[in-house]
Amino acid sequence: ISHETFMIRNQSQIEIKKRLEQGIEKLTKRQKEAIIYYYYEGFNYEQIAELMMFSKAEYARKLVYRSLDTLKKYVPETLILTWLGSVSVLQKGIF
């Protein structure tokens, strides 16, 4: 790829990361924790509920979805889905 194409892609990635970070900053510590458990540790809602000391798995599910709703206010949904599917948040140091 040309240098110009590389620079454009690099700038796009920087902008994406910046927007994600802005959205993640709006999450509470518990919301961040739930996202990590669900998407990166692969835990189901029952496991998350136990780890986070919820009385029902439904509470864990609601927390994950509320976290995503918060992110959607700052980041396009398609970007969130791409990020959750392909980028390790922990490795990139976003959390």
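Look up a bit, the structure's there.
Residues numbered from 1 in each chain as written. Predicted model: local features only at pLDDT ≥ 70, side-chain atom pairs only at ≥ 80, totals over all residues. Heavy atoms only, no water.

1. Regarding the overall build of the chain
Spelled out, the test is: Labels follow the DSSP assignment, with helices taken as runs of H or I lasting at least four residues and strands as runs of E lasting at least two, numbered in each case from the N terminus. When accessible area is computed with a 1.4 Å probe and restricted to protein chains, residues below 20% of their type maximum are described as buried, those above 50% as exposed, and intermediate ones as partly exposed. Contacts are residue-level and defined by heavy atoms, with any inter-residue pair within 4.5 Å sufficient. For the area figures, the Shrake-Rupley method with a 1.4 Å probe applies, and any residue is considered shielded solely by the protein chains shown.
Along the chain, the regular secondary structure elements total 6 helices and 0 strands. Counted from the first residue to the last, the chain has its helices and strands arranged as α-α-α-α-α-α. In the chain, which comprises 95 residues, the share counted as buried stands at 28%. Pairs at least 24 apart in sequence give 57% of the contacts found in the chain among residues at least 6 apart. With the model as given, the accessible surface of the chain reaches about 6,600 Å², and the carbon-plus-sulfur share is 51%.

2. Quick word on the nonpolar core
Rules: Grouping buried Ala, Val, Leu, Ile, Met, Phe, Trp, Tyr and Cys residues that are joined through side-chain atoms within 4.5 Å yields what is termed a nonpolar core.
Of all hydrophobic cores here, the largest spans 18 residues; its most connected members are M52, V64, L68 and L71. At the level of elements, α1 (3–25), α2 (29–40), α3 (45–51), α4 (57–72) and α5 (77–86) are the ones that each hand at least two residues to this core. Broken down by element, this core gets its largest block of residues, 5 residues, from α4.

3. Structural notes on the environment of L71
With respect to the helices, strands and loops of the structure, L71 is situated in helix α4. Residues L71 and L27, 44 residues apart in the sequence, show an inter-C-alpha distance of 7.7 Å.

4. Describing a nonpolar patch on the surface
The line we're drawing: Like-charged residues within 9 Å of one another, or nonpolar side chains (Val, Leu, Ile, Met, Phe, Trp, Tyr) within 5 Å, are grouped into patches, provided each residue has over 30% relative accessible area and no salt bridge. Salt bridge, as used here: a side-chain nitrogen of Lys or Arg that lies within 4 Å of a carboxyl oxygen of Asp or Glu.
Taken together, I1, F6 and M7 make up a surface patch of nonpolar side chains, about 350 Å² in accessible area. Here F6 lies in helix α1. Overall, the relative accessible area of 45% leaves F6 in the partly exposed class.

5. Some words on α4
Inclusion rule: In this analysis, the expected span of each helix is defined as 1.5 Å times one less than the number of residues it contains. Relevant arc is that of directions from the helix axis to the C-beta atoms, nothing else.
Given a rise of 1.5 Å per residue, 16 residues ought to cover 22 Å, and the 23 Å separating the end C-alpha atoms of α4 matches this to within 8%. Within α4 the residues assigned to the buried category are A60, L63, V64, S67, L68, T70 and L71. For α4, the angular spread of buried residues about the axis comes to 160°, placing them on one side.

6. A word on the pattern of salt bridges
Applying the stated criterion to the full structure yields 2 salt bridges. Residue E58 pairs with K62 through a salt bridge whose shortest N-O separation is 3.0 Å. Separated by 4 residues within a single helix, E58 and K62 lie in helix α4, roughly one turn from each other. Taking relative accessible area as the criterion, E58 reaches 37% and is therefore assigned partly exposed. The salt bridge involving D69 is made with K72; its shortest N-O contact spans 3.8 Å. Within this pair, D69 and its partner K72 are both found in helix α4, separated by 3 residues, close to a single helical turn. Taking the relative accessible area as the measure of exposure, D69 reaches 43% and is therefore partly exposed. Take K72: its relative accessible area is 37%, and that puts it in the partly exposed class.

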